[in-house]
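The residues making up each chain are set out below.
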Amino acid sequence: TNVSVCINATANSLTAGSYSDTVTFSNFVTGVTQSRPVALTVQTAVTTLFLADFESGNQGFTYTADPDATSNLWHTTTRRSASSSHSQYYGLEVAGNYDTGARNAGNLVSPPISLVGAVGPVTLSFKYFLQTEQFSGFDVATVLISTNAGSTWITLGTLPDSASFTTWSSDISVHTGKTVLVEFNFDTVDNFNNGFEGWYIDDVTITGGGSAPPFQITSIIRSNNNILISWTTGIGQTNALQATAGT
């Protein structure tokens, strides 16, 4: 016999984790009781706090100069993309590389992103394509974050080459409650071996935990061996479950 067990709105206050209890079934006719263990897993809902896919312009991103070089090659492109048709590209659009004949470097900087009220874990992720000379210390692609409007920057990681779009992510929960900037910095460091395709960025996303929508049982109707339970959720959905008692 399959039995469905419903829980009430008190479950909204449960934090993510695993819970266990015992359900006791009673036969009111014979007086026989049986107990069965039950398990409940509560998962943290994922909320998108920020998303930029560059299909409608720069979406608040700006191009800022790097103090080590005068050429900033970041721009919107349709040469490659992870989703739909647009991405941000560090390279020369026509030549398809970043060889300007001189050292070049530049920053792609996000708009201010508020993490105030966000629930951890908070994750920054994006998709990227990167082709460089792959010689240590040169043609460096770095991801940074700032919590003071760009006065100082914290390095989140330096990226390895990838010949196809791949997802990179970093846990930035330590910055929950702050407003952040995310920066993508590319620096050739020198003027040699710069005839590679460069760096594409797409689908920059920040996600955080959120509370599951509250729900409320609206009615429980018993008719003979049938029980009909109805409830609504905080997002306006109406649900119903009918159970038939077995023998």
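For the structure itself, look to the data block above.
The model shown is predicted, which means the values in this text are computed figures rather than measured ones.

Helix and strand counts for the protein come out as 0 helices and 17 strands. For the protein, buried positions account for 34% of its 247 residues. Partitioning the intrachain contacts of the protein with sequence separation of at least 6 by distance along the chain shows that 68% fall at a separation of at least 24. A total of about 13700 Å² of accessible surface is found on the protein, and carbon and sulfur atoms cover 52% of it.

With that out of the way, let us pick up the pairing of strand β13 (residues 179-187). Of all 9 residues making up β13, 8 are buried, and the element is well covered by its neighbours. For strand β7 (residues 105-109) and β13, the ladder comprises 5 bridges, and the chain directions are antiparallel. When the sheet's bridge partners are listed, Val 109 is paired in β13 with Glu 183. Of the strand pairs in this sheet, strand β8 (residues 113-114) and β13 are connected by 2 bridges, and their pairing is antiparallel. Counterpart to Ile 113 in the pairing with β13 is Val 180. Both strand β10 (residues 140-146) and β13 contribute to a ladder of 7 bridges, which runs antiparallel. Bridge pairing in β13 links Ile 145 to Val 182.

This part is about the environment of Asp 171. Considering the arrangement of structural elements, one finds Asp 171 in strand β12 (residues 162-171). For Asp 171, a relative accessible area of 53% translates into the label exposed. A sequence separation of 51 residues divides Asp 171 from Gly 120, and the C-alpha atoms of the two residues are 9.1 Å apart. Aside from chain neighbours lying at most four places away, what touches Asp 171 is Pro 121 and Val 122. Looking at Asp 171, its side chain comes within polar contact range of the side chain of Ser 173, at 2.6 Å.

For the rest of this paragraph, the subject is unusual backbone geometry. The step from Gly 120 to Pro 121 runs through a cis peptide bond, and the omega angle for that step is 0°. Here Pro 121 shows up in strand β9 (residues 119-131). For Phe 54, which is not a glycine, the phi torsion comes out positive at approximately 65°. If you trace the backbone, Phe 54 turns up in the loop between β3 (45-52) and β4 (62-65). Using a relative accessible area of 0% as the deciding quantity, one classes Phe 54 as buried. Although it is not a glycine, Ala 149 adopts a positive phi angle of roughly 65°.

Before going further, it helps to examine the side chain of Asp 190. Of note, Asp 190 is situated in the loop between β13 and β14 (198-210). The charged side chain of Asp 190 is buried without a salt bridge, its nearest counter-charge being Arg 103 at 7.6 Å. What Asp 190 contacts, discounting residues up to four positions off in sequence, is Ala 102, Arg 103, Glu 133 and Phe 138.

This next bit is on the nonpolar core. Phe 126, Leu 159, Phe 184, Trp 199, Ile 201 and Val 204 are the most contacted members of the largest nonpolar core, which totals 31 residues. Among the elements that take part in this core, β9 stands out by supplying 5 residues, more than any other. For Val 204, the residues in contact, after removing those within four places along its chain, are Phe 50, Leu 51, Ala 52, Phe 54, Phe 61, Leu 124, Ser 125, Phe 126 and Phe 184.

Procedures and definitions
Residues numbered from 1 in each chain as written. Predicted model: local features only at pLDDT ≥ 70, side-chain atom pairs only at ≥ 80, totals over all residues. Heavy atoms only, no water. Helix = DSSP H or I, 4+ residues; strand = E, 2+ residues; numbered from the N terminus. Buried < 20%, exposed > 50% of the residue type's maximum accessible area, 1.4 Å probe, protein only. Contact = heavy atoms within 4.5 Å. Areas by Shrake-Rupley, 256 points an atom, 1.4 Å probe, with all protein chains shown as cover. Pairing = 2+ DSSP bridges. Polar contact = N/O pair within 3.5 Å; in protein donor to acceptor, adjacent residues only side chain to side chain. Lys, Arg positive; Asp, Glu negative; His and termini not counted. Salt bridge = Lys/Arg side-chain N within 4 Å of Asp/Glu carboxyl O. Core = buried A, V, L, I, M, F, W, Y, C linked by side-chain atoms within 4.5 Å.

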